[in-house]
Amino acid sequence: MKPPSALLADLRAVRSSLDGRTTWWAKLLKAAGFEITQHTRNHLALGLVVCFIPLWLGIVHAVIPNNTVEFHSQVLGHAMRVDANELAMISGAINAVTLIIGFMQFASVRRSSDFDQRLVLAGHPRSCMLVAKLVALVLMAVVTALYATVVMDLFWEPRQVALIGFSLFTSALTYGGLGMVLGLALSTELAGMFVIIMVSLVDVMVQNPIINPSADLGPVRLLPTYGSMQAAAVAGFTDEGAVGHALLGLVWLLAFSLVGATAFHWRTKDHAAHTTASAPQTATVVVTTRADGTLVIESTAGPIMVCSEPPGCTCEKTVPRQRVRRPAATKLTVFEAP
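Just so we're clear, the structure is a prediction, and the values are computed from it rather than from any experiment.

A.B. asks: Can you walk me through the environment of K269 in this structure?
C.D. replies: Along the chain, K269 turns up in the loop between α11 (248–267) and β3 (285–289). For the pair K269 and L121, spaced 148 residues apart in sequence, the C-alpha separation works out to 8.6 Å. Beyond its immediate sequence surroundings of up to four residues, K269 is in contact with Q117 and R126.

Right, here's the structure in full:
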């Protein structure tokens, strides 16, 4: 196994070899490196990943009682009687992962907007940059979902740990797409954080039978993490497969990606005003002859070009419009009679 210094040297060599390449794949690798660097510089989000997830799951585990509740499973077609504390752990993990990934993607898109504009003007394809953002999102979602799954496994033992991790991963991708759209559409970070927090809370709370006993109503199925919650609940308490429901999060990601791609194209578009040639104006030119044979030319549209050469000459002499001088004002001095 190579030492860390040798691996770092290899990575630097690969990076330097890409500097002179202009292929689409080389630009994709460069853009992905920029996006990953942007995420790693967000120390607040990294701190939330490390500290907030175990803290939040620990609070849920300590506060929610071990009562039995009914969870309406769309996968099984009937209600399951599950432990309220363990079900709250699933919803709490989904809530934590969606908040963190949504915030990370929102902050990354907002902070790199000017840099993205310069890259597009320098010749980087927009498609390459969008794919790079998705690659960075997938990497961050994998790490966060894996970490949340490991932390959850410390409090209780789900029946299908891998499926729970995959459900957390798809829910993270869903809110990563939402964060990208908000980063391109909203003008302030406060507004983006407020929207992400409120949407995530409402999304998770109305699906939890502890808070909402009518969690099986039709509108609940339209929520972004509905498929992930259904798959994670089945994975936690049964041996049934529910990968199809977990993949519903990718449908939301696709929808958010289409909206984000449109907004990204508009944001990185060159909005500089392009001057166009004005239409020729019609002017009235009056030519009069003086007694000495010279011509007096007057124009109503500013200076005109006078040329006595054949067509095609490059004469640059202009005759300005004749100015009409106003008579000077006469000063009057008034003396008062004694």
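A.B. asks: Help me out: how do you make sense of the UniProt feature "transmembrane region" (unreviewed entry) in the protein chain in this one?
C.D. replies: UniProt's feature table lists "transmembrane region" (unreviewed entry) at residues 44–64, 87–109, 130–150, 162–186, 193–211 and 246–266, given in the numbering used throughout. As a span, residues 44–64 carries 95% helix and 0% strand, and end to end its C-alpha atoms are 28 Å apart. Between the first and last C-alpha atoms of residues 130–150 the distance is 30 Å; the span itself is 100% helix and 0% strand.

A.B. asks: Can you help me understand a nonpolar patch on the surface in this one?
C.D. replies: A surface patch of nonpolar side chains, amounting to about 670 Å² of accessible area, comprises F194, I197, M198, L201, V202, M205, I210 and I211. With respect to the element layout, I210 can be found in the loop between α8 (189–205) and α9 (226–237). A relative accessible area of 35% places I210 in the partly exposed class.

Criteria and thresholds
Residues numbered from 1 in each chain as written. Predicted model: local features only at pLDDT ≥ 70, side-chain atom pairs only at ≥ 80, totals over all residues. Heavy atoms only, no water. Helix = DSSP H or I, 4+ residues; strand = E, 2+ residues; numbered from the N terminus. Contact = heavy atoms within 4.5 Å. UniProt positions renumbered as here; feature names shortened; annotations may be inferred. Patch = residues over 30% accessible without salt bridge, like charges linked within 9 Å, V, L, I, M, F, W, Y side chains within 5 Å. Areas by Shrake-Rupley, 256 points an atom, 1.4 Å probe, with all protein chains shown as cover. Salt bridge = Lys/Arg side-chain N within 4 Å of Asp/Glu carboxyl O. Buried < 20%, exposed > 50% of the residue type's maximum accessible area, 1.4 Å probe, protein only.

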